[in-house]
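Architecture and fold: a report
Okay, here's what each chain looks like letter by letter:
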Amino acid sequence: MTDFDLDEPLSCEVVAETVGARRSLIVRLARQGLIETLESGADEPLLPRRAVVQLRRMQRLRRDLRVNFTGAAIILDLVGRIEELNRQLAETSGRYK
């Protein structure tokens, strides 16, 4: 295990405190599928540590571009897909040089 495990499960309370948001907002975003969750048998979802990064990006998009959380989640998903396609393209073009 690394010093900083992005899959480490965190409670909604810890995530909320870390990003400066209300716990109820974090729970709502998780239940709506707008942030990544981990499987748990608890009433409240657990979130991977990487959700903190995701939420901070969403907060910046809301602040800078004035998009809602749904729009921010879509933007982040599309950016992730573009980054993955660029990685695949770089790998493919590297094979033919």
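Scroll up for the structure.
Before going into details, it helps to say that this report is about the structure given with it. (Residues numbered from 1 in each chain as written. Predicted model: local features only at pLDDT ≥ 70, side-chain atom pairs only at ≥ 80, totals over all residues. Heavy atoms only, no water.)

This part takes up the overall build of the protein. Scanning the protein from N- to C-terminus turns up four helices and two strands. Secondary structure elements of the protein, listed N to C terminal, follow the sequence β-α-α-β-α-α. For 97 residues, the compact-globule estimate of 2.2 N^0.38 gives 13 Å, and the C-alpha radius of gyration of the protein, at 16 Å, exceeds that figure by more than 25%. Taken along the three principal axes of its C-alpha coordinates, the protein extends 50 × 40 × 20 Å. (Helix = DSSP H or I, 4+ residues; strand = E, 2+ residues; numbered from the N terminus. Rg over C-alpha atoms; globule rule 2.2 N^0.38 Å.)

On to the packing of helix H3 (residues 50-65) against helix H4 (residues 69-95), then. Viewed as axis vectors pointing N to C, H3 and H4 meet at an angle of 115 degrees, and their least axial separation amounts to 9 Å. Of the two possible hands of crossing, H3 and H4 adopt the one that is right-handed. Contacts between H3 and H4 involve Gln54, Arg57, Met58, Leu61 and Arg62 from the first element and Phe69, Ala72, Ala73, Ile75 and Leu76 from the second. In the contact of H3 with H4, the residues fall into seven nonpolar, one polar and two charged. (Axes fitted to C-alpha atoms, helices over the stretch in contact; angles between N-to-C directions. Left-handed = near helix turned anticlockwise from the far one by under 90°. Contact = heavy atoms within 4.5 Å. Nonpolar A, V, L, I, M, F, W, Y, C, P; charged D, E, K, R; others polar.)

Pairs can form between side chains of opposite charge whenever their charged atoms are close. Within the structure shown, the criterion is met by eight salt bridges. Two residues, Glu44 and Arg23, come together in a salt bridge whose shortest N-O distance is 2.5 Å. Pair noted here: Glu44 is in the loop between helix H2 (23-31) and strand E2 (47-48) and Arg23 is in helix H2, with a separation of 21 residues, a long-range link. For Arg23, a relative accessible area of 36% puts it in the partly exposed group. Within this structure, Asp7, Glu36 and Arg50 form a network of salt bridges that share partners. (Salt bridge = Lys/Arg side-chain N within 4 Å of Asp/Glu carboxyl O. Buried < 20%, exposed > 50% of the residue type's maximum accessible area, 1.4 Å probe, protein only.)

The biggest cluster of nonpolar side chains holds 21 residues, and the ones touching the most others in it are Val15, Ile26, Leu29, Ile35, Leu47, Leu55 and Met58. Among the secondary structure elements, those contributing two or more residues to this core are helix H1 (12-19), H2, H3 and H4. Discounting residues that sit within four places of it in the chain, Ile35 has contacts with Ile26, Leu29, Ala30, Leu47, Gln54, Leu55 and Met58. (Core = buried A, V, L, I, M, F, W, Y, C linked by side-chain atoms within 4.5 Å.)

On to the packing of H1 against H2, then. Contact pair H1 / H2: the axes reach a minimum separation of 8 Å and the direction vectors enclose 115 degrees. At the point where H1 passes H2, the crossing takes the right-handed sense. Only Arg23, Ile26 and Val27 of H2 make contact with H1, whose side of the interface consists of Cys12, Glu13, Val15, Ala16 and Val19. Here the residues of the contact of H1 with H2 are counted per class, giving six nonpolar, no polar and two charged.

Phi at Arg66 is positive, roughly 60 degrees, even though this residue is not glycine. Relative to the helices and strands, Arg66 resides in the loop between H3 and H4. Residue classification places Arg66 among the exposed positions, given a relative accessible area of 74%.

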